[in-house]
Amino acid sequence: MVVHLACTSKSLIGVMSIKNTKIMNYNYQYAKRAISFESICNRSIQNLPSNAYPEIYKQLDRGRARLTSYSQAVTYMACYGKMHILKLQSAYERLFNQQNLSGKSVNIIDWGCGQALATGALIDHIKNNNIKMSFKSITLIEPSRTSIQIGVNNLKRLLGNTVQINTQTTTSTFARLKPLQSRDEITIHLFSNLLDIDSVSNEEIANKIKRYCKGQNYFVCVSPLNIEKLCDFYESFSNSQLISHRKSNLRGNIYRIIQGQYFNQTIYRIEYIFKTFF
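Residues numbered from 1 in each chain as written. Predicted model: local features only at pLDDT ≥ 70, side-chain atom pairs only at ≥ 80, totals over all residues. Heavy atoms only, no water.

**A look at the overall build of the protein**
Heads up, the rule is: Secondary structure elements are taken from DSSP: a helix is a run of H or I of four residues or more, a strand is a run of E of two residues or more, and numbering for both begins at the N terminus. We call a residue buried when its accessible area falls under 20% of the maximum for its residue type, exposed when it is over 50%, and partly exposed in between, using a 1.4 Å probe and counting protein chains only. Any two residues having at least one pair of non-hydrogen atoms within 4.5 Å are treated as being in contact. To be clear on the numbers: accessible area is Shrake-Rupley with a 1.4 Å probe, and residue cover counts the displayed protein chains and nothing else.
Assigned secondary structure in the protein consists of seven helices and seven strands. When its helices and strands are written in sequence order, the protein yields α-α-α-β-α-β-α-β-β-α-β-α-β-β. A total of 278 residues make up the protein; the buried ones form 56% of that total. Long-range contacts, defined here as pairs at least 24 residues apart, represent 80% of the contacts in the protein between residues at least 6 apart. As displayed, the protein has an accessible area near 12,500 Å², and 45% of this comes from carbon and sulfur atoms.

**With respect to the pairing of strand β7 (residues 261-277)**
Definition in use: Two strands pair if DSSP finds at least two bridges between them.
Pairing of strand β5 (residues 216-223) with β7 involves eight bridges; the strand directions are antiparallel. From the neighbouring strand, C221 faces β7, where its bridge partner is Y272. Here strand β6 (residues 241-256) runs beside β7; their pairing, made up of 15 bridges, is antiparallel. Of the residues in β7, the one forming a bridge with N249 is Y268. Between β6 and β7, which pair antiparallel and follow one another directly, the connecting turn spans four residues, one of which, G260, has a positive phi of 70°.

**Looking at the sheet that holds β7**
Rule in force here: The axes are straight lines fitted to the C-alpha atoms, using for helices just the contacting stretch, and the angles between their N-to-C directions are given from 0 to 180°.
Reading across the sheet, the seven strands line up as β3-β2-β1-β4-β5-β7-β6 and stay open at both edges, with mixed pairing between neighbours. The open sheet has two edge strands with one neighbour each: β3 (164-168) and β6. Neighbour-to-neighbour, the strand axes of this sheet turn through a mean angle of 20°, independent of strand direction. Note: strand β4 (residues 186-192) against β5, seven bridges, orientation parallel. Within β5, the position partnered with I186 by the bridge is Q216. Along the sheet face, helix α3 (residues 70-98) touches β4, β5, β6 and β7 and points at about 150° away from the line of β6. In this fold helix α7 (residues 227-235) packs onto β4, β5, β6 and β7, with an angle of close to 20° to the strand it touches most, β7.

This is the structure we're talking about:
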């Protein structure tokens, strides 16, 4: 199994004009022997703190809270990580079945990345399917410093130092972002459980992308709710080509922290995948 992972020699090539944050030494004990992002997610369950339920679980506000501690991050990953992965795996399968990105070098922008769930699931997908797509750079954007620091460590565990990873902490308005990209670039934008949030300005995100992200842009958008917001985001890009639009349910074995065991349950999923060129 061969996966090509490109290294960029500059601090940033064609994605974001941003300053790398200092990465604190968050090191998941359960990630030391991880060979996949899914294994990182699964091992979080083994490392739940003693007060994960109900104390820390309630702090997560059903996955909407901005995480501020390692214990919250582990608990979030145990409760919600697998649901993210299952929705994203289905979306990536549709993207790569319909678009030939083999041999391409791409930039990744993971919007509202949390602990880099969407990027981690993408790495698993290209490894598991032997897709020879290389990463020119990865940019993680997230309000929580705790989450983004852990996300960087997750990706370094999976990729080593072969790919430039850029980070920015920002508010939900995304007003401070200043993306820069040349016309010969390919960028894949990842949105996992972000665009359906009421406090997130999808219009601001779209305007930033249209103004600065020149070149071929792919969008992978998955959320559990609010199909109207995802549809409006897609329609804000004129002349875009729809690759996939699905509103359907998945089933998977999800850990339920209240019962302390796995259950086969329904996962609600809305998906928009499309591409455009600026």
